[in-house]
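Examination of the molecular architecture
Chain by chain, the residues:
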Amino acid sequence: MAKIVFEGVRKTFGDFTALDGIDLEVGSGEFLVVVGPSGCGKSTLLDLLGGLSTPTDGRILLDGRPVTGPGLDRGIVFQQYALLPWRTALGNVEFGLEATGVPRRQRSARAREYLDLVGLGGFEDRHPHQLSGGMRQRVAIARSLAYDPDVLLMDEPFAALDAQTRESLQDELRRIWQRTGKTVVFITHGIEEAVYLGQKVAVMTSRPGRIKEIVPVAFGARPGTGTAAGPQGEELRSSPEFARYRHELWTLLHDEVARARQLEKEEASV
Ligand SMILES: Nc1ncnc2c1ncn2[C@@H]1O[C@H](COP(=O)(O)OP(=O)(O)OP(=O)(O)O)[C@@H](O)[C@H]1O
Ligand SMILES: [Mg+2]
């Protein structure tokens with residue numbers, strides 16, 4: 001049974017149709033990446049799946065049951081870091097563990113472990129306003145991973161990071177995904193990130209947002225997996241297969257972005 005199913009989902013805001021005719025299945029343990037022009041409805045799609053808003057038409061099933069609200073079975077990393085400003089980095093990561101009932105004694109150790117994982121060992125006691133944007137985003141990532149939800153929903157989680165940190169977190173996320181069998185829905189503007197992470201890449205159209213095409217990504221023997229960031233990850237990123245997928249996605253996206261810009265121009269001149 002599919003883990004996540006979108007059935008004829010439409011979402012409108014007033015007269016504006018943000019998403020239309022979304023039919024999509026994500027298998028259990030699958031890694032789906034969603035790409036599309038800015039404003040095409042990616043965050044809207046993730047909000048619906050997170051149960052933060054409801055479809056205007058159609059429905060979304062999780063494990064066969066309609067999504068009716070947020071739940072601890074889904075961890076969300078928002079496009080804009082959503083941390084509690086009055087809590088430290090450690091306290092923010094512990095927050096998710098409190099909700100899932102991890103005993104107090106284990107919380108701090110687990111939170112430290114995940115802060116270490118995202119490269120923030122030593123920053124446990126800083127408050128969000130004392131951290132850079134990228135660091136805050138890493139705290140949010142640590143928080144969503146630490147309480148171990150079945151499904152990870154990630155909205156451009158690595159966008160604010162420098163290239164090196166981004167690549168090491170991509171490797172880490174792949175490793176966690178492989179080890180835990182989580183189902184991941186990951187939004188990005190990065191074509192290379194999509195090819196590197198996704199088993200399937202859904203390309204969206206703009207206005208209204210629909211699924212234009214789903215590109216399965218499979219590498220013969222995937223050398224970039226199961227190892228730390230380094231030559232192996234780089235080997236994959238620079239392989240001819242990688243370049244082929246990159247080009248395929250680039251072409252699909254290029255047409256959509258051009259169309260979205262044209263629509264914006266027409267609207268601006270009205
Ligand atoms: N609460 C809302 N009320 C009105 N319009 C909204 C609302 N939320 C989103 N929209 C509109 O819906 C469309 C899709 O927005 P969304 O944030 O999902 O796009 P996106 O694909 O995530 O864009 P980006 O890549 O820039 O993050 C946009 O045109 C946006 O203006
Ligand atoms: Mg968005």
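For the structure itself, look to the data block above.
These remarks concern the structure in this document. All of these numbers come straight from a predicted model, not from anything done at the bench.

A look at the side chain of lysine 42
Note that lysine 42 resides in helix H1 (residues 42-50). One buried charge, lysine 42, has no salt-bridge partner; the nearest side chain with opposite charge is glutamate 156, at 4.9 Å. Among the polar contacts listed, one links the side chain of lysine 42 to the backbone oxygen of glycine 36, at a separation of 3.1 Å. Not counting residues within four places of it along the chain, the set of residues in contact with lysine 42 comprises Val34, Val35, Gly36, Pro37, Glu156, Ile187, His189 and Met204.

Considering the side chain of arginine 143
Residue position: arginine 143 is located in helix H4 (residues 133-146). Put simply, arginine 143 is tucked away with no salt bridge, and the nearest opposite charge, on glutamate 98, sits 10 Å away. The contacts of arginine 143, once residues within four sequence positions are left out, are Ala82, Leu83, Asn92 and Val93.

As for the pairing of strand S6 (residues 74-77)
With burial as the criterion, each face of S6 is covered, one bearing Arg74 and Ile76 and the other bearing Gly75 and Val77. One ladder, built from 4 bridges, connects S6 with strand S7 (residues 151-155); its direction is parallel. Following the sheet pairing, glycine 75 is matched in S7 by leucine 152.

Let's talk about the site of ligand 1
Not every one of the 14 residues close to ligand 1 is listed here, only the nearest: Ser38, Gly39, Lys42, Ser43 and Thr44. In this structure, glycine 41 approaches ligand 1 through a main-chain N or O atom, which is 3.0 Å from an oxygen atom. The dominant element in the shell around ligand 1, judged by the number of residues it contributes, is H1, at 3 residues. Its residues placed into classes, the shell around ligand 1 shows 5 nonpolar, 7 polar and 2 charged.

A word on the coordination of the magnesium ion (ligand 2)
Donor atoms from the polypeptide that bind the magnesium ion (ligand 2) are Ser43 (OG) and Gln79 (OE1), placed at 2.0 to 2.3 Å. Remark: glutamine 79 occurs in the loop between S6 and helix H2 (89-99) and serine 43 occurs in helix H1; sequence separation between them is 36 residues. Given the relative accessible area of 36%, glutamine 79 is considered partly exposed.

A few points about the sheet that holds strand S5 (residues 65-66)
Reading across the sheet, the 4 strands line up as S2-S1-S4-S5 and stay open at both edges, with antiparallel pairing between neighbours. Each edge of the open sheet carries a strand with a single partner, namely strand S2 (16-26) and S5. Direction of pairing for strand S1 (residues 4-13) relative to S2: antiparallel, over a ladder of 7 bridges. Counted as the bridge partner of threonine 12 is threonine 17 from S2. Across the sheet, H1 is in contact with S1, S2 and strand S4 (57-62); its angle to S1 comes to roughly 120°.

Definitions and cut-offs
- Residues numbered from 1 in each chain as written.
- Chains lettered and ligands numbered in written order.
- Predicted model: local features only at pLDDT ≥ 70, side-chain atom pairs only at ≥ 80, totals over all residues.
- Heavy atoms only, no water.
- Helix = DSSP H or I, 4+ residues; strand = E, 2+ residues; numbered from the N terminus.
- Buried < 20%, exposed > 50% of the residue type's maximum accessible area, 1.4 Å probe, protein only.
- Lys, Arg positive; Asp, Glu negative; His and termini not counted.
- Salt bridge = Lys/Arg side-chain N within 4 Å of Asp/Glu carboxyl O.
- Polar contact = N/O pair within 3.5 Å; in protein donor to acceptor, adjacent residues only side chain to side chain.
- Contact = heavy atoms within 4.5 Å.
- Pairing = 2+ DSSP bridges.
- Near = heavy atom within 4 Å.
- Nonpolar A, V, L, I, M, F, W, Y, C, P; charged D, E, K, R; others polar.
- Donors = N, O, S within 2.8 Å, 3.2 Å for Na, K, Ca; no water.
- Axes fitted to C-alpha atoms, helices over the stretch in contact; angles between N-to-C directions.

In short, the description is geometric, and any link to function would need to be established separately.
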